[in-house]
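Read off the chains here:
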Amino acid sequence: MKRIGILTGGGDAPGLNAAIRAVVKTSLGVYGNEVYGIRRGYGGLLAEGGVFPLDYAAVRGILPQGGTILGAASRGNPFAFQVKENGQMVTRDGSDQVIDRIKDLGLDMIIAIGGDGTLAIARELIRKGAPIVGIPKTIDNDVIGTEMTIGYDTAVGMATDALDRLHTTAEAHHRAMVLELMGRYAGYIALMAGVSGGADVILIPEIPFRYEAIFKKIQARVDRGAHFSLLAVSEGALPVAGERIYQDVEVVGQPRLGGIGEQVAEQIEAHCAVEARATVLGHLQRGGSPTPYDRWLASQFGAVAARLAAENRVGRMAALVHGRVTDIDLVESQGKAREVDPNGAGVQTARGLGICMGDRYDAHHEIEE
Ligand code: F6P
């Protein structure tokens, strides 16, 4: 019988509980292993009461719940733990302690559910001898090596619903409505929700935009009698030769993005004959009940991770490859975040629908209806 620890690192994403449930049920029921929950990321390994047994009762009823029963920790890097010493916050490398603790607890494997940050830490810990397998999650869908991550589908659903709602009020008031969406440096949420929600303009980090192209698109719509426009804007979108907008917040390791939506709306009002408003969807994209697809993906990833743990396959990660759930080397998920291909089918589909991607204005799409 093996002892398996499970943790959720980084920001939460809808579907984490479905993955935890699948790991517990499959490990107990199929492989006869024990599962222990680790609270609030890697840091839980060192915290008092941070590791506790997970049985069937512990995962009962959690399938449709958002968040994570284990708690999330965005700043829980064991190589740079934030600790209070003499009343001051200092950064300390606690990786050796984490590895010792895994041994002391008799954990044969840790299943780390996380995005690029948590998985990068997993790779480093594995190099130092820790037994870890991974499950990719993040609403941004930007983990290399997998076509889909847990949480993305739910976030796109929220974003599409928000665009649908903005559509009716935009039409009623003859306004340009800008929706700022999450995704950091990857535009997957904005692209998919923008196409699904009928946006007229989609701005993503992978395609730097020109204000002129956006103004032309919106003005052309006004000129032909479509007095409203919908814009789906990724928080990491930026103008050609311009810079990303960060909020004035000091966060260890990860500056906080936000503000581009408001800026785009201001520019539209100043240059087009239309009123504009900006909405930031923010953490609504991460909250609430996961969609059936996220529950399905998370359950399958959980089952894969339970098998990997049972087979002692250190350094593997559950992944969706060519539409099939499988496992890959964690090293394959290493590197820069996975980005939208600016020449790929998704962007081409958007352009074909007459959506302005911000880099240019295609006048031939402005056909009288
Ligand atoms: O990576 C997931 C994500 O939701 C990003 O889309 C967003 O930029 C970031 O996390 C927000 O982080 P926090 O919850 O720390 O504000």
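None of these values were measured; they are calculated from a predicted model. (Residues numbered from 1 in each chain as written. Predicted model: local features only at pLDDT ≥ 70, side-chain atom pairs only at ≥ 80, totals over all residues. Heavy atoms only, no water.)

K.L.:
I tried to follow the packing of aromatic side chains on my own but got confused; where do I start?
P.N.:
Between two aromatic rings, the relevant description is the distance of the centres plus the angle of the planes. According to the stated counting rule, one finds 3 aromatic pairs in the structure shown. Ring centres of Tyr152 and Tyr188 lie 6.4 Å apart, and the angle between their planes is 85°; this geometry places the pair in the edge-to-face category. Of this pair, Tyr152 sits in helix 4 (residues 152-173) while Tyr188 sits in helix 5 (residues 188-196), and the two are 36 residues apart along the sequence. Note on Tyr188: relative accessible area 13%, which makes it buried. Geometrically, the ring pair formed by Phe209 and Tyr211 is edge-to-face, given 5.0 Å between the ring centres and 90° between the ring planes. (Phe/Tyr/Trp six-rings, centres within 6.5 Å; stacked < 30°, edge-to-face > 60°. Helix = DSSP H or I, 4+ residues; strand = E, 2+ residues; numbered from the N terminus. Buried < 20%, exposed > 50% of the residue type's maximum accessible area, 1.4 Å probe, protein only.)

K.L.:
Honestly, the domain arrangement of the chain in this entry has me stumped. Any pointers?
P.N.:
Where interface size is given, it is often the accessible area lost as the parts come together that is meant. You can read the domains of the chain as domain 1 (3-150 + 290-329) and domain 2 (155-285 + 341-365). For domain 1 versus domain 2, the distance between C-alpha centres works out to 34 Å. Taken together, the contact between domain 1 and domain 2 spans 7 residues of the former and 11 residues of the latter. For the pair domain 1 and domain 2, the summed buried area comes to about 780 Å², and 61% of that belongs to carbon and sulfur atoms. Of all residues in domain 1, the largest losses of buried area upon contact with domain 2 belong to Arg75, Ile139 and Asp140, amounting jointly to 65% of the total for that side. Viewed at the interface, domain 2 and domain 1 are joined by 0 salt bridges. The tally of links from domain 1 across to domain 2 stands at 0 residue pairs in polar contact (both at pLDDT 80 or more). (Domains from an automatic or database assignment. Contact = heavy atoms within 4.5 Å. Buried area = accessible area lost by both parts, 1.4 Å probe. Salt bridge = Lys/Arg side-chain N within 4 Å of Asp/Glu carboxyl O. Polar contact = N/O pair within 3.5 Å; in protein donor to acceptor, adjacent residues only side chain to side chain.)

K.L.:
Would you mind showing me how to read the nonpolar core here?
P.N.:
The nonpolar side chains of soluble globular proteins are, as a tendency, buried together. In this structure, Ile6, Ile111, Ile202 and Met357 are the most contacted members of the largest nonpolar core, which totals 63 residues. Ranked by residues supplied to this core, first place goes to helix 4 with 8 residues. Beyond its immediate sequence surroundings of up to four residues, Ile111 is in contact with Ile4, Gly5, Ile6, Leu7, Val23, Val133, Ile135, Ala305, Ala306 and Ala309. One finds Ile121, Ala122, Met317 and Leu330 within the second-largest nonpolar core, a separate group that totals 24 residues. (Core = buried A, V, L, I, M, F, W, Y, C linked by side-chain atoms within 4.5 Å.)

K.L.:
Mind showing me how you'd approach the site of the ligand here?
P.N.:
If you check the shell around the ligand, you find Arg75, Ile139, Asp140, Met182, Gly183, Arg184, Glu235, His283 and Arg286 and nothing else. Contacts to the ligand include Gly183, whose backbone N or O atom sits 3.2 Å from an oxygen atom. Here an oxygen atom of the ligand and a side-chain polar atom of His283 are 2.8 Å apart. Each residue belonging to the shell around the ligand can be placed in one class, and the counts come to 2 nonpolar, 2 polar and 5 charged. The residues that make up the shell around the ligand include at least three from each of domain 1 (3-150 + 290-329) and domain 2 (155-285 + 341-365). (Near = heavy atom within 4 Å. Nonpolar A, V, L, I, M, F, W, Y, C, P; charged D, E, K, R; others polar.)

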